[in-house]
Amino acid sequence: WQRRNSTVKRLGASKILGLALGQRSVCLAEVATRDGRPVVERAAEFVYPDGVTLENPAGLGQALRQFLRAQGFGVHEAVIGLPAKWLVTRRKEVPPASAALAASTLRLQAEGEFADLVIDYAGATSATAATTVLLVATARKQVAGCESLATAAGLRLHAVAATALALGRVTARLAGPTGLVLETGAEGAELVVVLLATAVMAA
């Protein structure tokens, strides 16, 4: 939500740390760019210490800082991914319009539907044809919590995004415009249905 479609190259950083938040842990991946392609150099799972949860992002960030140091993570540029259960989504038809005009129109349309939420969208708009995008919203407190966590962990937060949508976007590039992405873990599973570069999520 802070910066759409961020990548290592776009951020201007040689390395970036991706954090996928969960209810009991954070999955971490340190990604570098080699020959113009992203490469995972280090990965780990940070399990929340007893008594420390996402309800206390500053305290969790301090514990994460110690974990990153102990595990040898040296990168400070970060992107945080939110779980699908924290998101609200709506599919929207967008008439032909420039990217800037489409974004402004979508935000105006969404204000009534997503009160007190932070809004973004997934999918591409077109200046010459009607398209379908996925509006994605999350509570402002979730984004604020990510900022507090990153600050306490000594990280510079460049973007807050949806983990499932990021996986769907990568899969669309690898396997074509349609497909399924199933993300599994100890806390459950998230299913992403990719339809012509627009992802529809189910937790």
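This text gives an overview of the structure that appears in the document. (Residues numbered from 1 in each chain as written. Predicted model: local features only at pLDDT ≥ 70, side-chain atom pairs only at ≥ 80, totals over all residues. Heavy atoms only, no water.)

On to the sheet that holds strand β5 (residues 87–94). Backbone hydrogen bonds are what pair the strands of a sheet, in a parallel or an antiparallel way. With respect to topology, three strands assemble into an open sheet ordered β5-β7-β6, the strand pairing being antiparallel. Here the strands that pair on one side only, and so sit at the sheet edges, are β5 and β6 (117–122). This sheet shows a mean twist of 25 degrees between the axes of neighbouring strands, independent of strand direction. The pairing of β5 with strand β7 (residues 131–139) spans eight bridges and is antiparallel. Residue lysine 92 lies in a different strand from β7, and its bridge partner there is valine 133. Against the sheet, helix α3 (residues 99–111) touches β5, β6 and β7, its axis set at about 140 degrees to β6. The strands touched by helix α4 (residues 140–152) within the sheet are β6 and β7, with β7 carrying the most contacts at an inclination of about 70 degrees. (Pairing = 2+ DSSP bridges. Helix = DSSP H or I, 4+ residues; strand = E, 2+ residues; numbered from the N terminus. Axes fitted to C-alpha atoms, helices over the stretch in contact; angles between N-to-C directions. Contact = heavy atoms within 4.5 Å.)

A separate point is the nonpolar core. With 35 residues, the main nonpolar core has Leu19, Leu21, Leu28, Phe46 and Leu64 as its most contacted residues. Ranked by residues supplied to this core, first place goes to helix α2 (residues 57–71) with five residues. If we skip the residues at most four places from it in the chain, leucine 64 touches Leu19, Leu28, Phe46, Leu149 and Ala153. (Core = buried A, V, L, I, M, F, W, Y, C linked by side-chain atoms within 4.5 Å. Buried < 20%, exposed > 50% of the residue type's maximum accessible area, 1.4 Å probe, protein only.)

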